[in-house]
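In case you want the letters, here they are:
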Amino acid sequence: MKKTNITALILLFLLVISFILPVEQAKAAATLDVQAKVGIAGKAKYQTVVPIQVTVKNNGTNFSGDMVINASSSYQATSAQVIPIDIAAGEEKTFDIYLDGNYSNEDAFAFFEGGIEKGKKVAYEGTKQLQANFLDPSSVFIYTLTDKSDRLAAFLRLSQLAPQNNVEVFNLNQIKDYILPEDTQGFAMANVIVIDEIAIADLSQKQQDSLLKWVQNGGTLLVGAADQVNATAGIFKDYLPLKLSKQMTSVSADSLSKLSGGGTFTQPISIYGATENQGSIPVLIDNNKILASKKKVGSGEIIQTAFSLGDQPLASMDGYPALVGKLLNIQKMTPQGMTVNGQSLVDQISYDLRNINELFPSFEVSVSYMVIVIVLYILIIGPILYFILKKIDKREHAWWIIPAISIVLSIALFIFGAKDRIGQPQIQQSAFYKVNEDSSVNGYYVESILTNRSGDFVVNADKNTSAFALRNSNDFAGIREDLHEISYIKENANGSTLTLRNLSYWSVQSFAGKSAAQNIGKMDIDITLNNEKLTGTIKNKFPFALKDVTLISGIKEVKLGDIEANGTLKVDKELKATVLQKPSNYTSYNYNNYPAKKEEVDPSRIEHMKSIALPLVENDKKPVITAWADQAIAGVELETSANMSPISYFVQPFDGKVELSGPFTMKRNNFMYTANPQSPNSYAEKVDEQLNSWRLSDGLYEVSIAMPDNFMNSVQTLNELTISNKDTDRMQLSIWNNEKKNYEPLVDAKQVFTDNIKKYFNDNDELLIEIKFGPDQTGEETKLPDVELKGVAK
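What counts, and where the lines are drawn
- Residues numbered from 1 in each chain as written.
- Predicted model: local features only at pLDDT ≥ 70, side-chain atom pairs only at ≥ 80, totals over all residues.
- Heavy atoms only, no water.
- Helix = DSSP H or I, 4+ residues; strand = E, 2+ residues; numbered from the N terminus.
- Buried < 20%, exposed > 50% of the residue type's maximum accessible area, 1.4 Å probe, protein only.
- Areas by Shrake-Rupley, 256 points an atom, 1.4 Å probe, with all protein chains shown as cover.
- Core = buried A, V, L, I, M, F, W, Y, C linked by side-chain atoms within 4.5 Å.
- Contact = heavy atoms within 4.5 Å.
- Patch = residues over 30% accessible without salt bridge, like charges linked within 9 Å, V, L, I, M, F, W, Y side chains within 5 Å.
- Salt bridge = Lys/Arg side-chain N within 4 Å of Asp/Glu carboxyl O.
- Pairing = 2+ DSSP bridges.
- Axes fitted to C-alpha atoms, helices over the stretch in contact; angles between N-to-C directions.
- Polar contact = N/O pair within 3.5 Å; in protein donor to acceptor, adjacent residues only side chain to side chain.

Notes on the overall build of the protein chain
Piece 1. Secondary structure summary: the protein chain contains eight helices and 47 strands in total.
Piece 2. Here the protein chain, with 794 residues, has 51% of them falling under the buried criterion.
Piece 3. Per element, the accessible surface of the protein chain, about 37,500 Å² overall, is 51% carbon and sulfur.

This is the structure in structure tokens:
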């Protein structure tokens, strides 16, 4: 008994030691403390790239491995970001990271000693969730570069001019320990960057490059006048809209008031003499004196003023915010990468385009083929085999011949049906792009992989392309908790790699992202509309053929044909319209209309891309030419070889020429409507542009009803303007009088003006209608006022 007790005690002691030892080892592992600062000055935007400063302190032994950030740009994006780090015992390091989003249901960070692939997960203390004052994506972020923030104090009052947007101003030079980014993503939250007497040439080359790329991707750079501004513009020297002289002139207070739309000015200001560079468009002009001009650069623009942005007396006058608001068109500023209904483009791609893109032709099973095989099988197994065996007197061998034929036939059917899936993975890429004047393109893509094996798949993306996995139905909460278990991204010198983890055999996984390319090509478009007839030419300057070239104006589409690379297409088509205008039918596609045959898949992909791509040119307010090519432009590539099926869809705005003659009538659908809420918590949502249907909450709105660009240049006289209130029970209307600078009530449901009609159009050829909507007990859709304009062309 004693020996048994001693043995039992020894076993118990060993068992206890076995539990203690791992605990001691865990205690010896690196103890990491993490503190994260999100955004700028504690503020950030949803659905955009957010700067994060992560400080990691190692209170244990040396750590070498990966830091993982489990956050994504939206619920549909499921890629964690992985950063290799080495931190010695007792060391503290700070990392500046640009994270594409902040959506996370679990711990924001994870650490793997030895790397994420095969390393050991290490616990950490500190920040578990990324916290900041996250603002709506429609918020307008203005970054300033100025030596004294007081010089631009007027910018803080811009939010009063755009109540539908939250306007935030960040004086970067005054933020403690802030370093101007050398990565374009560091500027991603900004809508506008203001340069106030700061020499861009003094910035590092990487900082200048990142600023230029940010503009090309859709940003607005506002450059104020200063001595030698052309010489200090650095990388932007060849992009500036104006050439400033040393000669000074002045602009009166009354002129400033008119230019700002009614702002209060008490003194004249001095401006530099200025001439416009090629490609510039005037923004503010007073009696042939240029106060500001702008120039397109990629998808963005540079606005340059002939006056200093922060000098007195302008900087302190009450009307200055209104003047800046006119410069920036602050009321109509929309965030990059958002659709017209405010939904993230990435989410829309995931919900709409991705489902079509995942339909591979090899999925189709031919019913007629299967019927023929079954009939042949029955004939072979039945009468043919019986006849042959009977003739050679070998009927006793039927017991093994019949199953052997079945097995061979089954294997043959499998190999024939799966031949496209066995050798290599299949890929379908659907990408859509806006074509810019400088031959660059910007857009988005979705790529779907049909796997030929199980395991991990690695995708390489270049510096101009992002890539992150889209969530599958089995990836939702409760199935997989951590994003890095689904996929992760690692940055490298050439761009980034996306690892799609643990894909199943013959499964489909999609990923998506933004894509851009410089100097790839464009279409030279020279088209005129005259008496409902389109004439002119389109030259294809892309290095590949364009198919189904189509002109879209308003709700009308005209198919023009195909163009070979470097070829020219002559246009001679009818278009029953008075003017050429921006597209307005991009919400009409039925996403529930899925293709029934494999021949219908590609046309369906193109239709889906068109509906998502057209909002990319919403702010250009011009007619467009669309086309597609079976070329892959997005800079993503599977690490292994694959069978690729790409479609790239292009949308290019153009300045359509309109030659009018004699009397004309402009109907409501010839105008462009924009509803801007003027009271807190009010919202306006466009439901159907063709029917002019909207959803409005109770409140005050300013509705801009704009003519097509340059239309007034063709007009000799305006004879009659009719405005019809389509919802008299809930709407009270007033019209802006540009001469009196006030709103005049519209009493009648249908009001006709015949005297001095031009006074109702502002300097941007817009009618401004103030609408007081409500009270509304029904919540039903409404219609904005109808407009009809009659006149005589030159």
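Moving on from the coordinates now.
Quick word on the nonpolar core
Piece 1. With 93 residues, the main nonpolar core has F109 and F111 as its most contacted residues.
Piece 2. Setting aside residues no more than four positions away along its own chain, F109 makes contact with V34, A36, V54, M67, V68, I69, N70, Y124, T127 and L130.
Piece 3. Residues A77, I427, V435 and Y445 belong to the second largest nonpolar core, which totals 69 residues.

Quick notes on a nonpolar patch on the surface
Piece 1. Among the surface-exposed residues, I372, L376, I380, I384, F387, I388 and I392 lie close enough to one another that they form a single nonpolar patch of about 650 Å² accessible area.
Piece 2. With respect to the element layout, I372 can be found in helix 6 (residues 367-391).

So, the sheet that holds strand 11 (residues 140-145)
Piece 1. In space, the seven strands of this open sheet follow the order 12-11-13-14-19-18-17, with mixed pairing throughout. With one partner strand each, in any of the chains shown, strand 12 (167-171) and strand 17 (280-286) form the two edges of the open sheet. The mean angle between the axes of side-by-side strands here comes to 20 degrees, regardless of whether they run parallel or antiparallel.
Piece 2. Here strand 11 runs beside strand 12; their pairing, made up of five bridges, is parallel. Residue pairing for strand 12: Y143 is matched across the bridge by F170.

Digging into the pattern of salt bridges
Piece 1. This model, assessed by the stated rule, comprises 26 salt bridges.
Piece 2. Notably, a salt bridge pairs K541 with D524, separated by 3.4 Å at the nearest N-O pair. Of this pair, K541 sits in the loop between strand 28 (533-540) and strand 29 (546-553) while D524 sits in strand 27 (residues 523-530), placing them 17 residues apart in sequence.
Piece 3. A relative accessible area of 40% means that K541 is categorised as partly exposed.
Piece 4. D524 gets classed as partly exposed once you look at its relative accessible area, which sits at 29%.
Piece 5. Each of R151, D196, E197 and D311 takes part in a single network of salt bridges with overlapping partners.

Comments concerning the side chain of S714
Piece 1. Within the secondary structure layout, S714 lies in the loop between strand 40 (699-706) and strand 41 (715-724).
Piece 2. You can call S714 buried: its relative accessible area is 17%.
Piece 3. Apart from residues lying up to four places away in sequence, S714 is in contact with V658, L660, A793 and K794.

Overview of the environment of N737
Piece 1. Summarising the element assignment, N737 is placed in strand 42 (residues 731-737).
Piece 2. Its relative accessible area of 0% is what places N737 among the buried residues.
Piece 3. C-alpha of N737 to C-alpha of K758: the two residues are 21 residues apart in sequence and 9.3 Å apart in space.
Piece 4. Beyond its immediate sequence surroundings of up to four residues, N737 is in contact with N742, E744, K759 and Y760.
Piece 5. Within the structure, N737 has its side chain in polar contact with the backbone nitrogen of K740 (distance 3.1 Å).

Re the sheet that holds strand 34 (residues 643-653)
Piece 1. Strand order across the open sheet formed by eight strands is 23-26-21-20-34-32-29-30, with mixed pairing between neighbours. Strands at the two margins of the open sheet, each flanked by one partner only, are strand 23 (468-469) and strand 30 (556-563).
Piece 2. Relative to strand 34, strand 32 (residues 624-629) runs antiparallel, the two sharing six bridges. If you follow W628 over to strand 34, its bridge partner there is Y649.
Piece 3. Across the face of the sheet, helix 8 (residues 601-613) comes into contact with strand 20 (426-435), strand 29, strand 30, strand 32 and strand 34 while running at roughly 35 degrees to strand 34.

Overview of unusual backbone geometry
Residues apart from glycine generally show negative phi values, whereas peptide bonds are mostly found in trans.
Piece 1. Residues Q312 and P313 are joined by a peptide bond in cis, for which omega reads 5 degrees.
Piece 2. For P313, the location among the structural elements is in the loop between strand 19 (300-305) and helix 4 (320-328).
Piece 3. Look at the link from G774 to P775: it is a cis peptide, with omega at 0 degrees.
Piece 4. As for its position among the elements, P775 is in the loop between strand 45 (766-773) and strand 46 (782-783).
Piece 5. Positive phi, close to 65 degrees, is recorded for D177, a residue that is not glycine.

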